[in-house]
Amino acid sequence: MTWQFEQLTKLDGITEGPLWINGMLFFTHIAGNRIMQYRPDSGVGEVCGGTEASNGLMADRAGNIYACVGGGRRIARHHHERGLEDLCSELDGKRLNSPNDLAIDSQGRIWFTDPRYGDYRDDMELDHESVLRLTQGVDGAWACERMTFDTTSPNGILLSPDESILYVAESKYGEGQSRDLRAYSVLDDGSLGNVQILHNFYPHRGIDGMCLDSEGNIVATAGWEESGPGGMIYVFTPQGRVLETHPLPCNRPTNCAFGGADLNELFVTSSEGHLLHARTDRTGYLPYMA
């Protein structure tokens, strides 16, 4: 089946973080410092502003929505009535780089990527760009720990349905840098074990964001206009085999999420401000609804 994408809206600047919950799609408008929503019956509207370039969004099993506040360099919980509630802004007393994307496991732990994109790095306090994890204690406080020690610019992040594998998109730009899809084993003690490189995109633009279908396959956004096949949706098996590719009507897709009443619709955001939509022959897996 060929996925036919239609444009639902196009905003000025990067859109990101698509999240389907409660019959609607939330997504971030980074340049506009706001969270948006798409309702099938009424279209696109603003949820809240002042989000400090928030990027990735994710929900937990209780229906709470969390945001990577990239410009504010922190992780926050989103409240419809009062905006963002800060959870964490530091690791070992040093400010985070720029939280990008997140995954939440069945224990409520928040796994997130913390790269720094762009040329300005003078205010970085950490000497690494890693996957980090937040764990909430019995006192309600969140503790942050470093999980990867081999990443240079981690971007999209996913947990397999059984939470035994952590998928990470490594997306460092520059000659000789890593742009690959990685799979880390999650050990019984919660730490990460050996890594496998499932797919190498170099020298083209690799994965930005990704989601899962109901069979555990990875559905990912990648590509650009500078080289390679252009903006594309890739469907990978858990072992990294490419099952399908679907061209997109945008140059640089940023993220994707399944939604709709039957979870068979794919929503895609882009660096050019798109919100795209297609009906697919796949069903999405939303861990917070499992």
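Refer to the structure printed above.
Since the model is a prediction, treat every value here as computed from it, not as a measurement.

Where strands meet in a sheet, backbone hydrogen bonds hold them as pairs that are either parallel or antiparallel. Strand order in this open sheet of four strands is 12-13-14-15, and the pairing throughout is antiparallel. The sheet terminates laterally at strand 12 (102-104) and strand 15 (142-146), the two strands that pair on one side only. For this sheet, the mean angle separating the axes of adjacent strands, direction not counted, is 20°. Examined bridge by bridge, strand 12 and strand 13 (residues 110-114) share three bridges and lie antiparallel to one another. For leucine 102, the partnering residue across the bridge sits in strand 13 and is phenylalanine 112.

Turning to the side chain of serine 171, a few remarks are in order. Mapped onto the fold, serine 171 is located in strand 17 (residues 165-171). Residue classification places serine 171 among the buried residues on the basis of a relative accessible area of 1%. Within polar-contact distance, the side chain of serine 171 engages the backbone oxygen of isoleucine 207 at 2.8 Å.

In this section: the pairing of strand 16 (residues 154-159). Burial analysis of strand 16 places six of its six residues in the buried class, which makes it a mostly covered element. Across four bridges, the pairing between strand 16 and strand 17 is antiparallel. Across the sheet, isoleucine 157 pairs through a bridge with valine 168, a residue of strand 17. Between strand 16 and strand 17, which pair antiparallel and follow one another directly, the connecting turn spans five residues, one of which, glutamate 163, has a positive phi of 60°.

The element strand 18 (residues 179-186) is extensively covered by neighbouring structure, given that seven of its eight residues are classed as buried. Bridge count between strand 17 and strand 18: seven bridges; the pairing is antiparallel. Residue valine 168 lies in a different strand from strand 18, and its bridge partner there is arginine 182. One ladder, built from six bridges, connects strand 18 with strand 19 (residues 192-200); its direction is antiparallel.

With that settled, the discussion passes to the nonpolar core. Formed by 38 residues in total, the largest nonpolar core has its most connected members in Leu19, Ile110, Phe112, Leu134 and Tyr288. Listed in part, the 16 residues of the second largest apolar core include Tyr167, Ala169, Ile207 and Ala222.

Here we come to the sheet that holds strand 27 (residues 284-285). Spatially, the five strands line up as an open sheet ordered 23-22-21-20-27, and their pairing is antiparallel. The two strands at the open ends of the sheet, each matched to only one other strand, are strand 23 (242-247) and strand 27. Across five bridges, strand 21 (residues 218-222) lies against strand 22 (residues 232-236) in antiparallel orientation. Bridge pairing in strand 22 places threonine 221 opposite isoleucine 233.

The next subject is the packing of aromatic side chains. Considering all chains together, one arrives at seven aromatic pairs under this definition. Centroid distance tryptophan 20 to phenylalanine 267: 5.8 Å. Interplanar angle 15°. Geometry classified as stacked. Placement of tryptophan 20 in strand 2 (residues 15-21) and of phenylalanine 267 in strand 25 (residues 265-270) is noted, with a sequence separation of 247 residues between them. Phenylalanine 267 gets classed as buried once you look at its relative accessible area, which sits at 0%. Judged by centre distance (6.2 Å) and plane angle (80°), the ring pair of phenylalanine 201 and phenylalanine 236 falls under edge-to-face. Taken as a pair, phenylalanine 201 in the loop between strand 19 and strand 20 (210-213) and phenylalanine 236 in strand 22 lie far apart in primary sequence, 35 residues in all. The two residues phenylalanine 201 and phenylalanine 236 agree in class, both being buried. Among the aromatic residues, those joined into a ring-pair cluster are Trp20, Tyr38 and Phe267. Across from the ring centre of tryptophan 111, 4.7 Å away, lies the NZ or CZ of arginine 133, which sits over that ring.

In this fold, phenylalanine 149 is placed in the loop between strand 15 and strand 16. Here phenylalanine 149 falls in the exposed class, since its relative accessible area comes to 61%. Separated by 144 residues in sequence, phenylalanine 149 and phenylalanine 5 place their C-alpha atoms 38 Å apart.

Summed over all chains, the structure comprises 20 salt bridges. Between arginine 73 and aspartate 123 there is a salt bridge, with its nearest N and O atoms 3.0 Å apart. Placement of the pair is arginine 73 in the loop between strand 7 (65-69) and strand 8 (74-79) and aspartate 123 in the loop between strand 13 and strand 14 (130-136), with a sequence separation of 50 residues. For aspartate 123, a relative accessible area of 28% gives the class partly exposed. Close ionic contact of arginine 282 with glutamate 244 constitutes a salt bridge, the shortest N to O distance being 2.8 Å. Here the residue arginine 282 occupies a position in the loop between strand 26 (274-279) and strand 27, and glutamate 244 occupies one in strand 23, the gap between them amounting to 38 residues. As far as the burial class goes, arginine 282 and glutamate 244 line up, both buried.

Parameters at a glance
- Residues numbered from 1 in each chain as written.
- Predicted model: local features only at pLDDT ≥ 70, side-chain atom pairs only at ≥ 80, totals over all residues.
- Heavy atoms only, no water.
- Pairing = 2+ DSSP bridges.
- Helix = DSSP H or I, 4+ residues; strand = E, 2+ residues; numbered from the N terminus.
- Axes fitted to C-alpha atoms, helices over the stretch in contact; angles between N-to-C directions.
- Buried < 20%, exposed > 50% of the residue type's maximum accessible area, 1.4 Å probe, protein only.
- Polar contact = N/O pair within 3.5 Å; in protein donor to acceptor, adjacent residues only side chain to side chain.
- Core = buried A, V, L, I, M, F, W, Y, C linked by side-chain atoms within 4.5 Å.
- Phe/Tyr/Trp six-rings, centres within 6.5 Å; stacked < 30°, edge-to-face > 60°.
- Lys NZ or Arg CZ within 6 Å of the ring centre and 35° of its normal.
- Salt bridge = Lys/Arg side-chain N within 4 Å of Asp/Glu carboxyl O.

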